Every structure is written in structure tokens, then in C-alpha cells.
Amino acid sequence: MGSQEVLGQAARLASSGLLLQVLFRLITFVLNAFILRFLSKEIVGVVNVRLTLLYSTTIFLAREAFRRACLSGGTQRDWTQTLNLLWLTVPLGIFWSLCLGWVWLQLLEVPDPNVVPYYGTGVLLFGLSAVVELLGEPFWVLAQAHMFVKLKVLAESMSVILRSVLTALLVLWLPHWGLYIFSLAQLLYTAVLVLCYMLYLIKLLRSPESSKQLTLPISKVTQLLPSISRRKAFVNWNEARLTWSFFKQSFLKQILTEGERYVMTFLNVLNFGDQGIYDIVNNLGSLVARLIFQPVEESFYIFFAKVLEREKDASLQKQDDVAVAAAVLESLLKLALLTGLTVTVFGFAYSQLALDIYGGAMLSSGSGPVLMRCYCLYVLLLAVNGVTECFTFAAMSKEDVDRYNFTMLALSSSFLVLSYLLTSWCGSVGFIMANCFNMGIRITQSLSFIHHYFQESPHRPLAGLLLSPVLLGVFVLSAGITSVSEAFLCCERGWPARLAHIAVGTICLGVTLGTAFLTETKLIHFLRTQLGRSRLGDKMT
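The name given to the protein in an unreviewed UniProt entry is Protein RFT1 homolog, and the organism recorded there is Rattus norvegicus. Quoted verbatim from the Subcellular location (unreviewed entry) heading of the UniProt record, the comment on the protein is "Endoplasmic reticulum membrane". Word for word, the UniProt comment on the protein under Sequence similarities (unreviewed entry) is "Belongs to the RFT1 family."

Listed below in C-alpha cells is the structure:
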């Protein structure tokens, strides 16, 4: 498979389901806004911080390293060994679920049962949901490696919507169930997600007339299950060693990704109510990252991993592949920078209005608007880091990954200390400040690797981080105009003034996007090319 074909598939994977995912996310966005009006801050804090942290930690430690290692292999791999390796995530998940569940029940502060009922049951069921989700890991990796474009979006969107609908119904009808509500909804989410992947691949393997069935490396449903052969090892030991390297890195990355939740959970720097407010703002602020940055990062990680060979510098690779990879990286960096700047500039002036519409006075008063404004700056760093690490992790050799782990270890320690100190000094805003510092260091590490990687080649993809002076001026002007508009029109002067404030922002956003269209012609050409290829691929699949 040529690099252009792989690029087309990656672009299709990132863009074809984007509108559908946005639609589904908007539905869940509305449902969550409804749910927030029936819950206390304390229940939101326990569910969104304490229990979600248990689930995400179990999932991350059990599968992240396996995913990265098993998606990096070439076309000549033995998929039987790869699937065997992936099935090891299930016993590993059971181990982590039991260990972490004991910590959550025995070592951490237990919330007041009169305010947050059924905490123990919530811990058990959230841990079980993590194990259920791991049952679908071999199916997920197989589908991702062969770029089944719509399956991932449909499965995740359907699961999220059903979870939100069930939560809304139970909150409305049986509010006294407490954490039972969210535990049952989480189990439904993981069960539907796994069933979607399993049923799709089983149906595909049983339909010989399907063109997609011919692209799979297996031909029978039983080959999806773990198998032992006397003629070869149970797993590919090169993949296993790479998995171990990624596991050490994943452990550190999890601390960096969920660091503020660990500090809140283990050090009790915020009460459950403040944790709830912070987490709502965090989820709302990261909406752009989940909708745009994450699909792009996951899809183009696969592209870079397939096009580039890990053990070789750019000068030793096929130059056509290197040229394509450099061009794609430059365009992705430009896209991430423009998206992040847009969120930062316009989010600053519209944070309070957005929070008031979404959650009412519980969010728009107090520290909510300040948190959201700080988070908008963090989104800019998230955007750039997502693209740079996407390339870095796909191109690093095993030795590079091991060296990077030492850096992550030092960064993890400093991040936790900084989070505690800043939060003690300035409250929940300190978490975002510490995250910005952490993200800045990670971006610097990735930029250094990319610069060194392309140093001996004629390609300079880091030029994607440079914007035209005209476009930068328009961003500055828009920031000033919208800030003045917020001061005079928002948010205590009624809906006519609010609508006028929204109109001002819409005009400024239109001018900004128009200027970007005229000045960033290289990026526009890339988007047109890949979106056109994506539409053509959708017609063919």
C-alpha cells in the first residue's frame, strides 16, 4: 500500500465521521445540560472525578501500551500472535480493576452517603465496566489497523448517546438511586461499544461476498480468539518488548493526562463540590479536543506509523514517503495552531455566556468563567501537542521511547508537585496553570525530536507553526473587539444584549476565517485535497 493511499485512508478515517460525531456530541451536550439541573455538585464531583478516574486509570494501564505497539506493526506481521497479545489486556484489566478498586474503597475518603449514596456499588460497577470494555480490544485494533472508517464513529457515538439517554431518564424518574444511575449507564456504554465491534467483524467474516472481508488477515471467526500453536511462540516478542516500553511510558502519560484528578482524589485539595465544577468546565473546555483533535491524532498516528519505519532517520527512508509525511505534518501543525488560536481568542470573551447557557448560575457564577478562560489557552497547547506527539510516537525507535520515558518521569513528578502548590495558592485555576506548564514541556520535547528527525532532509515541517502577520493581526483585533463587546453587552443585560454580543463574535469569526482562507493557501489546498479524497473513498466503501 503506497503512502498516498494510506494518507487517503487516514484522512477519510479522520474526516468522514466528523459531522456525524459532531451531531451525536451535540445531542449528548444537550442531554448533559439537562442532567446538570437535577444533580448536586457533590454527585457530579464523585462521578466525574473519583469514579471516572478509576475507570480511565484501569483502561489506560491495561490497554494503551498494547494499542500503540500493535498498531505500529507492518503488513507482514502474524496477526494470530498480535491478537494473542491483545487478549492479555483482559487479565491485566482484571488485575488493575481489583487493585485500584481496593484503593478507592479502603484508602480514599468516602463521601457522605446522605449526599452521595451507594458509593461502594459505584466503585465495583465502574471497575467491572472497564473489564467489559477490554473484551473488545482485539476487535478494535483489527478494525483500526484496517481503517474501517465509520465503525469507530458509529460505535462510540451510539454508546455515548445511549448512556446519556439512560442517565437522563433515571435522573428524572429515580433520582434517589444516586450512583446506581451512573454505574448502570456506564455498563450500558461499555457493553454496547464492545458488541458493536464484535458483531460487525463477526458479520463481516461470515459474508464472503463482502469486499472488506478480503482485506482482513483472518478468514474465520474462531481466529479472533486466542490460540496456542506448537510451531510458533504465543506472541510476537518484538511487539511484546515494544509494548513494555510503551507501558512504562503510558504509566507516566496517564499521570500527566489525569494529574489534576489524582491530586484532587489523593490529596483532597478541593471538596467534592469544587471538584464537580472544575470537571464540568474541564469537559466543556475539552469538547473541541474530543471532537477534532482526538480523531485527527488517532487517524494520522496510524498514517505515520504505516508510512515511516521506526528504526530509521528521515535520510534513510524512502524519500517519497518522507516528503508526504513532512507535508502532512506541516499542514496538521498549521491546522492545530489555527484551531487552537481561534478557541483561545473567542473563548475568552464568551466563556461566561457559554457556561450560563449550559449549566445556569451554578457554573457562570464564582470561579467557573475564570476557569473556562484559562482552559481556552490550554486548548491551544493541547492542539499543538496532539499533532507533535502523534508524529513523535509513530516515528520513535524503541530506544527513543525508553529515553523519552526518563523525561516523562521527571515531568510527572514536577507536574504533581506544581499542581499541589499552585492549587493551594490559587484554587482550581492552579490545575490549569500546571497543565499548561506540563503541555509546554511536552511540546518542546516533541519539537526537538521532529527538528532532529528532519535535520538531514530538505523538509522543514515545523514551518507549519508560523502564521502570516496579517492573520495574527486579525486575531489580535478580534480579541480586542470581542472583549469590549463582553464588557458592554454581557451577561446581565438580558437576551437582546446577549444576542448582540453573539453577533459581534460571529462577524469577527467570519473575518478571521476569511483571512485564514486567503493567507494560508497551502493548508487550504491540503484540506481540499484530503476532503475530496475522503468523499471519493466514502463512495467506494
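A. Focus on the overall build of the protein. When helices and strands are counted, the protein shows 21 helices and 0 strands. For the protein, with 541 residues in total, the buried portion stands at 56%. Of the contacts made within the protein by residues no fewer than 6 positions apart, 82% connect residues no fewer than 24 positions apart. Surface exposure of the protein reaches about 23,700 Å², of which carbon and sulfur atoms provide 67%.

B. Broad picture of the state of the cysteines. With the rule as written, the count across this model stands at 0 disulfides. Free of any disulfide, Cys374 has its nearest neighbouring cysteine sulfur in Cys436, separated by 7.6 Å.

C. Representation of the pattern of salt bridges. Under the counting rule described, the total for this entry stands at 12 salt bridges. With its nearest N and O atoms 2.8 Å apart, the salt bridge here joins Arg63 to Glu133. Of this pair, Arg63 sits in helix α3 (residues 41-70) while Glu133 sits in helix α6 (residues 119-134), placing them 70 residues apart in sequence. Each member of the pair Arg63 and Glu133 is classed as buried. The partner of Glu520 in a salt bridge is Lys334, with the nearest N and O atoms 3.3 Å apart.

D. How the structure looks around the environment of Phe234. When you line up the elements, Phe234 lands in the loop between α9 (179-205) and α10 (237-257). Here the alpha-carbon distance between Phe234 and Asn84, two residues 150 residues apart in the chain, equals 6.7 Å. The residues touching Phe234, leaving out its near neighbours within four places in the chain, are Gln81, Asn84, Leu88, Ser227 and Ile228.

E. Summary view of the packing of helix α7 (residues 137-145) against α9. Direction vectors running N to C along α7 and α9 enclose 60°, while the axes themselves pass 9 Å from each other. Crossing hand, α7 versus α9: left-handed. Residues Phe139, Trp140, Leu142 and Ala143 of α7 pack against Tyr197, Met198 and Leu201 of α9. Classifying every residue of the contact of α7 with α9 by side-chain character gives 7 nonpolar, no polar and no charged.

F. The arrangement of a nonpolar patch on the surface in detail. Among the surface-exposed residues, Phe34, Phe38, Val165, Leu169, Leu172 and Trp173 lie close enough to one another that they form a single nonpolar patch of about 570 Å² accessible area. Mapped onto the secondary structure, Leu169 falls in helix α8 (residues 149-173). What makes Leu169 partly exposed here is its relative accessible area of 35%.

G. Geometry of the nonpolar core. Core analysis: the largest hydrophobic core is formed by 146 residues, its most contacted members being Trp104, Phe304, Phe391 and Phe454. Tallying contributions element by element places helix α14 (residues 319-359) first for this core, with 17 residues. Look past the residues within four positions of Phe391 in its chain and what remains in contact with it is Phe304, Leu308, Leu329, Phe449, Ile450, Tyr453 and Phe454. Formed by 5 residues, the second largest nonpolar core is a distinct cluster that contains Ala349, Tyr350, Leu353 and Cys491.

H. Region of interest: α7. Counting buried positions along α7 gives 9 out of 9 residues, so the element sits mostly inside the fold. By the burial criterion, the buried members of α7 are Glu137, Pro138, Phe139, Trp140, Val141, Leu142, Ala143, Gln144 and Ala145. Just beyond α7, the residue with positive phi is Met147, at close to 50°.

I. Fine view of the confidence of the model for the protein. Per-chain confidence: the protein averages 84 in pLDDT, with 89% of residues scoring 70 or above. Within the model, the stretch residues 534-541 combines pLDDT values under 50 with 10 contacts to residues more than four positions away or in other chains.

J. Structural detail: the side chain of Thr58. Along the chain, Thr58 falls in helix α3. On the basis of relative accessible area, Thr58 is assigned to the buried category, the value being 0%. For Thr58, the side chain forms a polar contact with the main-chain oxygen of Leu54, separated by 2.9 Å. Beyond its immediate chain neighbours, meaning those up to four positions away, Thr58 contacts Gly93, Trp96, Ser97, Leu100 and Ala130.

K. Main features of unusual backbone geometry. For Tyr118, which is not glycine, the phi dihedral falls at a positive 65°. By secondary structure assignment, the location of Tyr118 is in the loop between α5 (89-106) and α6. Under the relative-accessibility criterion, Tyr118 is labelled partly exposed at 38%. Even without being glycine, Asn268 reaches a positive phi, approximately 55°. Following the sequence through the fold, Asn268 ends up in the loop between α11 (259-267) and α12 (272-285).

What counts, and where the lines are drawn
Residues numbered from 1 in each chain as written. Predicted model: local features only at pLDDT ≥ 70, side-chain atom pairs only at ≥ 80, totals over all residues. Heavy atoms only, no water. UniProt positions renumbered as here; feature names shortened; annotations may be inferred. Helix = DSSP H or I, 4+ residues; strand = E, 2+ residues; numbered from the N terminus. Buried < 20%, exposed > 50% of the residue type's maximum accessible area, 1.4 Å probe, protein only. Contact = heavy atoms within 4.5 Å. Areas by Shrake-Rupley, 256 points an atom, 1.4 Å probe, with all protein chains shown as cover. Disulfide = S-S within 2.5 Å. Salt bridge = Lys/Arg side-chain N within 4 Å of Asp/Glu carboxyl O. Axes fitted to C-alpha atoms, helices over the stretch in contact; angles between N-to-C directions. Left-handed = near helix turned anticlockwise from the far one by under 90°. Nonpolar A, V, L, I, M, F, W, Y, C, P; charged D, E, K, R; others polar. Patch = residues over 30% accessible without salt bridge, like charges linked within 9 Å, V, L, I, M, F, W, Y side chains within 5 Å. Core = buried A, V, L, I, M, F, W, Y, C linked by side-chain atoms within 4.5 Å. pLDDT = per-residue confidence, 0-100. Polar contact = N/O pair within 3.5 Å; in protein donor to acceptor, adjacent residues only side chain to side chain.

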